[in-house]
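Letter by letter, the chains look like this.
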Amino acid sequence: MQIIENFSLQEYNTFGIQAYAKFFAQAGTTDELLYISQQTGMFKKPHLVLGGGSNILFTKDFDGTIIKISMRGMEVVDESASNVYLNVNAGENWDDLVEYCVQQSWGGLENLSLIPGQTGSSPIQNIGAYGVELKDHFHSLEALHKQSGQKKTFTAQECKFGYRDSFFKREGRDQYIILSVTFILDKEPAINTSYAALAAELQKGGITQPDIHDIREAVIRIRRSKLPDPVAIGNAGSFFKNPVINTEQYKRLSEAFPDVVSYPDKNGIKIAAGWLIERSGLKGYRLGDAGVHEKQALVLVNYGNAKGSDIVKLAEMIRCSVMENFGVGLEAEVNIV
Ligand SMILES: Cc1cc2nc3c(=O)[nH]c(=O)nc-3n(C[C@H](O)[C@H](O)[C@H](O)COP(=O)(O)OP(=O)(O)OC[C@H]3O[C@@H](n4cnc5c(N)ncnc54)[C@H](O)[C@@H]3O)c2cc1C
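Residues numbered from 1 in each chain as written. Predicted model: local features only at pLDDT ≥ 70, side-chain atom pairs only at ≥ 80, totals over all residues.

### A word on helix α8 (residues 308-326)
So the rule is basically this: Think of it this way: any DSSP run of H or I at least four residues long counts as a helix, any run of E at least two long counts as a strand, and we number them from the N terminus. Any helix carries an expected span of 1.5 Å times its number of residues minus one. Here the C-beta atoms are placed from the backbone, and a residue counts as buried if at least 20 other C-beta atoms lie within 10 Å of its own, exposed if 12 or fewer do, and partly exposed otherwise. Of all possible arcs, the one meant is that of the directions from the helix axis to the C-beta atoms.
In this model, α8 (19 residues) spans 27 Å end to end at C-alpha, consistent with the 27 Å of a helix rising 1.5 Å per residue. Looking at α8, one finds that the buried residues are G308, I311, L314, A315, I318, V322 and F326. Burial along α8 is one-sided: seen end-on, the buried residues are contained in an arc of 120°. Exposed positions of α8 whose direction lies more than 90 degrees from the buried face are E316, C320 and E324. Note on α8: the residue one or two positions beyond its end, G327, has a positive phi of about 70°.

### What about the packing of helix α4 (residues 196-204) against helix α5 (residues 212-226)?
Quick note on the threshold: Axes here refer to lines fitted to C-alpha atoms; in helices the fit is confined to the stretch in contact. Angles between the N-to-C directions go from 0 to 180 degrees. Under this scheme an angle from 65 to 115 degrees is roughly perpendicular, one under 35 degrees roughly parallel, and one over 145 degrees roughly antiparallel; angles in between are oblique. Any residue pair is listed as a contact if its two C-beta atoms, each placed from the backbone, are within 7 Å.
Here α4 crosses α5 at 105°, and the two axes come no closer than 10 Å. Judged by the inter-axis angle, α4 sits roughly perpendicular to α5. Contacts from A197, L198, E201 and L202 in α4 reach D214, A218, V219, R221 and I222 in α5.

### Points about the nonpolar core
Definition in use: When buried Ala, Val, Leu, Ile, Met, Phe, Trp, Tyr and Cys residues are joined through C-beta atoms within 7 Å, the set is termed a nonpolar core.
I67 and L300 are the most contacted members of the largest nonpolar core, which totals 86 residues. Counting residues per element, this core draws most heavily on strand β12 (residues 176-186), at seven residues. Ignoring sequence-local partners within four residues, the contact set of I67 consists of A25, A27, L33, I36, M42, H47, V49 and L50.

### Structural notes on the domain arrangement of the protein
Quick note on the threshold: Domain start and end points were adopted from an automatic or database domain assignment. In this count, Pro and Cys sit with the nonpolar residues alongside Ala, Val, Leu, Ile, Met, Phe, Trp and Tyr, while Asp, Glu, Lys and Arg are called charged and the others, Gly among them, polar.
According to the domain assignment, the protein consists of domain 1 (4-69), domain 2 (74-186) and domain 3 (234-336). With centres defined by C-alpha atoms, the gap from domain 1 to domain 2 works out at 22 Å. On the side of domain 2, twelve residues touch domain 1, which itself brings ten residues to the contact. Class assignment for the residues of the side of domain 1 that touches domain 2 results in four nonpolar, six polar and no charged.

Rendered as structure tokens:
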């Protein structure tokens, strides 16, 4: 285990932004994590916990320690007639986990196929896609409290999951390092085809009674056709959250724009941010090497040599334009550092 100085982060963020960390280290075990923190005293100084770097935008060099979470391994910790309880260490690749569960015929995570990143980061924004959120199959997680060095187990309720949101983005922000997550998986999977695009993809393939293998394959096909592959074009997936507005605001918006794309939400009406950006005429828009993706307006991309500050400038422009056109505010989903 090494602590490396002046370390390039370009390969450690899916935007492919060039930025340097003053110090960089990888923790393959919790003991290594504790050792590095003691050696560098990093929890008392500027530091950043890094997973797969797929939800992060570096806008400048990082003047502190970046610790990459690399704890691997998973095990079944309990089982009942209908469920398997799988504990997964934070450094496991998310999609490898989903693939493994599908191979075992354990249902629950298949709609979340092909989301980049690591398992330890998945509860932070309660990752979601195609009608399922992480919280739907979450049991608990174990985290290290940075200040006290104590481990704490969090239940689903304590995680306060919301739409792309949790305790770890609010009151608990920057206070904990997630070490492992335990999932509840179904031995007799309940198939979720509530998301219209997924149902349509299955229908297109003539699949009327899909199993979890079919769901995973269909989700992967849709994602590959719609979303840019970060290996080819740097990006961090959806740059903004879909804004949730109240019924009064929605009434005004839908009267002016009857084709507005929206979904019911427990806190109001969720508006498709991609629609707002596209209808602002910004799909495919470029500001140097920073751009709005041609197929998916919600995804901002790095065409080669964009700096983090270029992406931020573009995001600001989009935010102003959407506010001016529709009176709706956009909030970044990506963590800007
Ligand atoms: C092409 C593409 C498609 C995407 N599609 C989706 C999607 O459909 N749905 C969705 O929800 N997201 C999506 N994302 C966003 C992203 O994949 C998720 O947010 C993912 O969970 C981020 O994981 P990561 O390991 O890369 O996190 P990172 O980007 O490394 O970190 C994200 C945040 O979590 C913190 N963090 C990381 N690990 C830990 C830890 N162990 N303990 C404490 N804090 C930690 C970091 O400090 C940072 O603040 C997509 C991204 C891309 C590039």
